[in-house]
Every structure is written in C-alpha cells, then in structure tokens.
Amino acid sequence: MLGEQLSESSVELSLEEAAVIESLAYFDVFQYPLKPSEVHQFTKTPIARQNIVPTLNYLVNLGLIYKHGQYYSLVDDVALTTRREKGNDMAATMLKRARFFSHLISRFPFVRGVCISGSLSKGYIDELGDVDYFIITKPGRLWIARTLLIAFKKVFLLNSKKYFCVNYFVDTEHLEIPDKNIFTATEVMTLIPVYSMESHQAFVNSNKWAESYLPNFVSDKHDEPKWIIPRLLKPVVESLFSGFIGNGLDTFFMNMTIKRWERRFSHFSRQDFEHALRSRKYVSKHHPQNFQKVVLNALNNKIKDFESRHQCELSRVNG
C-alpha cells in the first residue's frame with residue numbers, strides 16, 4: 001500500500017539519498033545487494049560513514065528500497081541474498097587459484113604488473129564466471145606479452161578462460177584509462193594487485209579521475225605473494241626480443257590481431273569497436289560483449305524506471 005501511495009505522488013530526495021539509491025541501482029544491474037559499508041564505498045557523493053545506515057533505513061521506511069538481513073537492494077527479493085552469499089563463498093575459493101595464475105602470468109616476458117579484475121575483484125563469482133586479469137607490460141612489447149599468454153592458454157589450458165581470461169593490457173607509459181564513467185571507475189578502484197604494487201600504484205596515480213565517481217572508496221587490497229614461481233627464462237627471452245627484432249615482432253602481432261578482430265567483429269560500429277576492442281601499440285582491450293555499454297544502458301534504464309515509479313529525479317550516470 002505504501003509503495004502504491006508513493007508511486008502516485010512525488011518524492012523529494014536529498015543529494016545523499018539520491019546517491020545511495022544510484023549506488024544500489026548500479027549493483028542491481030548485477031543482481032547484487034549491498035552491505036551498508038559497500039553502499040558507502042560505491043556512493044558517488046561524499047557522505048559520512050555514520051550516515052549510511054540511517055539513510056538506508058529511512059529509504060526502506062519510505063518503501064523506496066528493501067532490506068533482507070544485512071543487505072540492501074532496489075529489489076524485494078530475498079533470493080538475491082542467498083545468491084550473493086553463495087557467490088561470495090565461491091569467490092573466496094576461486095581467489096586462491098587466481099592468485100596462483102596471477103603469479104604465473106607475472107613470470108611471462110615483458111609483464112610488469114598483474115591485477116585481478118572483473119566480478120572476482122568485487123568478491124563474487126558464479127558457476128559461469130571467468131577470472132579476468134588486468135596486465136601492465138613493458139612499453140613496445142605489449143603485443144609480444146599478450147601473444148605469449150594467449151598461446152599458453154590455447155596450448156596448455158586447451159583455450160579455457162575459466163581461470164585465465166587475459167582481456168585488458170596497457171603498458172607502463174600509458175596507464176590512464178580513457179573511458180571515464182561509473183563503470184570504468186568501479187573497475188579501476190576495485191582491481192586487486194597481485195604482482196608489483198609499484199606498477200599498481202602508478203596506475204592508481206594515473207587514474208585519479210576515478211575518485212570523482214567514488215569519493216568514499218578506500219581500498220584495503222594489497223599484494224599477498226603466496227606462490228613462489230621461478231623466473232625461469234624471462235630475462236633471457238626479454239633479451240632475445242630486445243632491439244629491432246622485438247620492435248618488428250610486436251608490431252606484427254598487433255597488426256595480425258587487429259585484422260582478425262576486424263573480420264570477426266565487422267558488425268561493430270567504429271565507436272563500439274573502439275570501446276570494446278581498443279587496440280594500439282600501448283593498449284589491448286578484448287571485451288567483445290561490450291560489457292561497459294551493456295551495463296551503462298541497463299543502469300540508465302533502471303534509473304529511469306525508478307524515477308517514473310516514484311516521481312523523483314536522480315542524476316544520469318553514463319557520462
């Protein structure tokens with residue numbers, strides 16, 4: 001009854017209340033209810049931590065959001081909490097394997113930094129989920145590093161990406177992410193560094209813009225080296241591919257990959273290809289599902305629906 005009454009009259013929200021709803025809307029795209037501490041982390045407006053729970057409970061009492069156990073959501077579905085907790089448990093197990101593979105990746109030639117990204121970096125994964133890695137390389141050798149890693153996956157992992165999805169590479173001289181929005185800010189801020197805190201810190205310093213989207217976010221993630229994998233031939237291979245030989249091979253691998261992607265994804269618009277499959281000497285992004293666009297579109301639809309149902313105004317978040 002209360003929800004019906006609210007839908008028939010306008011609701012005036014403070015800046016903080018609107019921002020809290022937007023943070024819940026973002027994770028509602030993933031059907032992922034949040035704890036109060038997480039709402040604080042992912043709210044785009046500066047807000048005191050002690051104000052989060054009162055604000056959430058106020059919105060619950062208005063019938064604008066829902067609470068099940070310790071979790072808050074825009075959806076009144078207790079099954080989402082069960083789904084989340086199961087995914088959190090799976091992530092804890094998966095993270096151990098991901099750390100092993102991260103250290104394995106770090107031993108490949110020209111790799112200078114490795115971070116875990118994607119859903120696992122948020123502490124969640126399901127049966128269909130993959131482990132995503134964000135990899136930083138030596139300048140001018142990104143495509144050699146990428147090609148060697150892809151070859152390893154195809155030969156030794158039978159092309160399975162379950163624990164080995166290497167889909168985003170940048171080099172140490174081009175660390176800033178050009179797409180600046182709530183999706184990329186969330187991905188930047190939640191990376192789990194596993195190899196080279198120095199490289200990760202340089203990446204964070206190059207992407208300070210993300211703090212404007214998530215001003216309350218404080219990362220507690222850090223390197224936890226638990227696997228000792230010998231360097232083996234890394235220095236030798238890097239020496240072999242120095243100079244003009246490495247320059248030519250890196251360019252060859254880049255051009256070969258771009259041509260293959262242009263044929264395979266010829267249905268993409270130029271803009272979508274740039275966003276999903278950005279390819280330069282210093283960056284390789286392979287997101288063929290264009291997840292960034294999918295998420296931002298879904299988020300804006302959720303916000304429009306919320307505004308329509310409750311006759312209120314929230315900000316647009318895809319800029």
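Quick note: structure is the one above.
Rules and cut-offs
Residues numbered from 1 in each chain as written. Predicted model: local features only at pLDDT ≥ 70, side-chain atom pairs only at ≥ 80, totals over all residues. Heavy atoms only, no water. Helix = DSSP H or I, 4+ residues; strand = E, 2+ residues; numbered from the N terminus. Pairing = 2+ DSSP bridges. Contact = heavy atoms within 4.5 Å. Axes fitted to C-alpha atoms, helices over the stretch in contact; angles between N-to-C directions. Buried < 20%, exposed > 50% of the residue type's maximum accessible area, 1.4 Å probe, protein only. Expected span 1.5 Å × (residues − 1). Phe/Tyr/Trp six-rings, centres within 6.5 Å; stacked < 30°, edge-to-face > 60°. Lys NZ or Arg CZ within 6 Å of the ring centre and 35° of its normal. 1 Å grid on protein atoms, 1.4 Å probe; cavity = no way out; pocket = protein on both sides within 12 Å on 5 of 7 lines; lining within 4 Å. Points joined across faces, edges and corners; volume = space filled by probe spheres on them. Nonpolar A, V, L, I, M, F, W, Y, C, P; charged D, E, K, R; others polar. Disulfide = S-S within 2.5 Å. Right-handed = clockwise from strand over helix to strand, strands pointing away.

> Explanation requested: unusual backbone geometry in the structure shown.
Trans peptide bonds make up most of the peptide bonds, and negative phi angles are found at most residues other than glycine. Phi is positive for Asn159, which is not a glycine, with a value near 65°. Structurally, Asn159 can be placed in the loop between helix H6 (142–156) and strand E5 (165–171). Positive phi values are uncommon outside glycine, yet Ser196 reaches one of about 75°. When you line up the elements, Ser196 lands in the loop between strand E6 (192–195) and helix H8 (197–206).

> I'm lost on the sheet that holds E6 in this one. Help?
Hydrogen bonds between backbone atoms are what pair the strands of a sheet, whose relative direction is either parallel or antiparallel. What the six strands build is an open sheet, ordered E6-E3-E4-E5-E8-E7; its pairing is mixed. Lying at the two open borders of the sheet, with one neighbouring strand each, are E6 and strand E7 (279–280). Alignment of E7 against strand E8 (residues 283–285), held across two bridges, turns out to be antiparallel. Bridge pairing links Ser279 to Ser284 in E8. Across the sheet, helix H5 (residues 79–106) touches strand E3 (111–117), strand E4 (132–137), E5 and E6, and the angle it forms with E3 is around 165°.

> How should the pairing of E3 be read in this particular structure?
Along any regular strand, the residues point their side chains to alternate faces of the sheet. Of all seven residues making up E3, six are buried, and the element is well covered by its neighbours. In the sheet, E3 pairs with E4 via six bridges, with the strands oriented antiparallel. From the neighbouring strand, Gly113 faces E4, where its bridge partner is Ile136. Here E3 pairs with E6 via three bridges, running antiparallel. Looking at E6, one finds that Cys115 is bridged to Pro193.

> Please clarify how helix H2 (residues 15–28) should be interpreted in this entry.
For the α-helix, the turn length of 3.6 residues means that residues three or four positions removed from each other point alike. The end-to-end C-alpha distance of H2 is 20 Å, a good match for the 20 Å that 14 residues give at a rise of 1.5 Å each. Within H2, twelve of the 14 residues are buried, which leaves the element mostly enclosed by the surrounding structure. Of the positions making up H2, those classed as buried are Glu17, Ala18, Ala19, Val20, Ile21, Glu22, Ser23, Leu24, Ala25, Tyr26, Phe27 and Asp28. The inward-facing, buried residues of H2 abut helix H3 (36–41), helix H4 (52–61), strand E2 (71–73), helix H7 (182–190) and helix H12 (291–310).

> Is there a simple way to explain the packing of aromatic side chains in this structure?
Enumeration over the complete set of coordinates arrives at 22 aromatic pairs. Look at Phe101 and Tyr163: their rings are 6.1 Å apart centre to centre, the planes differ by 5°, and that puts the pair in the stacked class. On the criterion of sequence distance, the pair formed by Phe101 in helix H5 and Tyr163 in the loop between H6 and E5 is long-range, its members being 62 residues apart. Seen from their ring centres, Trp209 and Tyr213 are 6.0 Å apart, and the 90° between their planes marks the pair as edge-to-face. Taking the relative accessible area as the measure of exposure, Trp209 reaches 12% and is therefore buried. The ring of Phe110 has Arg141 sitting right over it, with the charged end atom 6.0 Å from the ring centre.

> I keep staring at empty space enclosed by the protein and nothing clicks. Help me out?
Over the atoms a probe the size of a water molecule is rolled, and this reveals where empty space is left. Following the criterion strictly, the structure yields one cavity of 30 Å³ or more and no others. Estimated volume of the largest cavity: approximately 40 Å³. Lining the largest cavity we find Pro33, Tyr66, Lys67, His68, Tyr71, Tyr72, Ser73, Val75, Asp77 and Thr81. Put simply, the parts of the chain that give the lining of the largest cavity at least two residues each are strand E1 (66–68) and E2. Grouping the constituent residues of the lining of the largest cavity by class yields five nonpolar, three polar and two charged.

> Would you mind showing me how to read the environment of Pro139 here?
Checked against the element boundaries, Pro139 lands in the loop between E4 and H6. Along the sequence, Pro139 and Val218 sit 79 residues apart, while their C-alpha atoms lie 30 Å from each other. Filtering out sequence-adjacent residues up to four positions away, Pro139 remains in contact with Asp171, Thr172 and Glu173.

> Just checking my understanding: could you explain the state of the cysteines for this structure?
What is meant by a disulfide is a covalent connection between two cysteines, made through their sulfur atoms. Going through the model one piece at a time under the given rule, you end up with zero disulfides. Take Cys165: it sits in no disulfide, and the sulfur closest to it among the cysteines is that of Cys115, at 15 Å.

> Just checking my understanding: could you explain the pairing of E4 for this structure?
Burial analysis of E4 places six of its six residues in the buried class, which makes it a mostly covered element. By the alternation rule, side chains of E4 split into Asp132, Phe134 and Ile136 and Tyr133, Ile135 and Thr137, which are all buried. Chirality of the crossover, the property in question, places the unit of E4, H6 and E5 among those that are right-handed.

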